Amino acid sequence: MRIRSVLAAAATAGTLVAVAAVPAQATEYSSALKLKGVQYDAPGRDSNSCSRGNTKDEYLTIKNYSRGTTVNLKGYVVKDAAGNRFTFPANHYLEPGDYVKLRGGHGTDSDSGNVVYRQNCNFIWNNDKDTIYLYKPSGSRADVHSYTKSGSDRDGNGYISFHG
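Residues numbered from 1 in each chain as written. Predicted model: local features only at pLDDT ≥ 70, side-chain atom pairs only at ≥ 80, totals over all residues. Heavy atoms only, no water.

The next thing to look at is the overall build of the protein chain. Regarding its fold elements, the protein chain presents two helices and eleven strands. Listed N to C, the secondary structure of the protein chain is α-β-β-β-β-β-β-β-β-β-β-α-β in terms of helices and strands. Counting all 164 residues of the protein chain, 37% fall into the buried class. A fraction of 58% describes how many contacts in the protein chain between residues 6 or more apart in sequence connect residues 24 or more apart. Within the structure as shown, the protein chain displays about 9500 Å² of accessible surface, and the carbon and sulfur contribution to it stands at 50%. (Helix = DSSP H or I, 4+ residues; strand = E, 2+ residues; numbered from the N terminus. Buried < 20%, exposed > 50% of the residue type's maximum accessible area, 1.4 Å probe, protein only. Contact = heavy atoms within 4.5 Å. Areas by Shrake-Rupley, 256 points an atom, 1.4 Å probe, with all protein chains shown as cover.)

Below, the structure written as structure tokens:
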């Protein structure tokens, strides 16, 4: 009712009121964790060979943008448009302002090195376009971003920044 009263008062006063639709991609989620950026196209020729491949060079950076809350990544889910997914299986704490790089390939996770490996040598992000979803352990969406190589990667280096 309050909205109708405000609109009626504005119309009576002769004030023009415009309501703009916000695209779905512009939705800002109330989450401390956000997708900072993605190296969606690993440098060099793509090879998902576990011993000689470059899937470790494909990574997603997730950052804790809160000012005072430490966030445990355990249970958070990263997913692409095709349904490929990774669930953080272990405790990994991000202090305020801290980040983690989720890399492909096999390796040893490190809090001090800010890295978690997917323990999978297959690429997850498409080199032409994709959508990246970040879900909280509760299942609610924490962040989402879509990209296209031609529209999002102006310098052509295979990296796109979402949040500064």
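Another point: the state of the cysteines. The tally for this structure, following the rule as stated, stands at one disulfide. In this model, Cys50 is linked to Cys121 through a disulfide, with the two sulfur atoms separated by 2.0 Å. The chirality of the disulfide connecting Cys50 with Cys121 is right-handed, given an S-S dihedral of about 120°. Here Cys50, found in the loop between β1 (33–39) and β2 (59–64), pairs with Cys121, found in the loop between β8 (115–117) and β9 (129–135); they are 71 residues apart in sequence, far enough to count as distant. Residue classification places Cys50 among the exposed residues on the basis of a relative accessible area of 54%. A residue is classified by how much of its surface remains accessible, and Cys121, at 7% relative accessible area, is buried. (Disulfide = S-S within 2.5 Å.)

This paragraph deals with the packing of aromatic side chains. In this structure the tally under the stated criterion is four aromatic pairs. When the ring of Phe86 is compared with that of Phe88, the centres are 5.1 Å apart and the planes differ by 85°; the resulting orientation is edge-to-face. Each member of the pair, Phe86 as well as Phe88, is classed as buried. The side chain of Lys79 reaches across the aromatic face of Tyr133, ending 5.9 Å from its centre. Directly above the aromatic system of Tyr59 lies the positively charged group of Lys101, at a separation of 4.5 Å from the ring centroid. (Phe/Tyr/Trp six-rings, centres within 6.5 Å; stacked < 30°, edge-to-face > 60°. Lys NZ or Arg CZ within 6 Å of the ring centre and 35° of its normal.)

Further remarks concern the sheet that holds β9. Pairing within the open sheet is antiparallel, and its four strands lie in the order β5-β4-β9-β10. Two strands bound the open sheet, and with one partner strand each, they are β5 (85–87) and β10 (141–148). For this sheet the average axis-to-axis angle between neighbouring strands, irrespective of direction, equals 10°. Looking at chain direction, strand β4 (residues 77–80) and β5 are connected through three bridges and run antiparallel. Bridged to Lys79 within β5 is Arg85. (Pairing = 2+ DSSP bridges. Axes fitted to C-alpha atoms, helices over the stretch in contact; angles between N-to-C directions.)

Coordinates in, geometry out; function isn't part of it.
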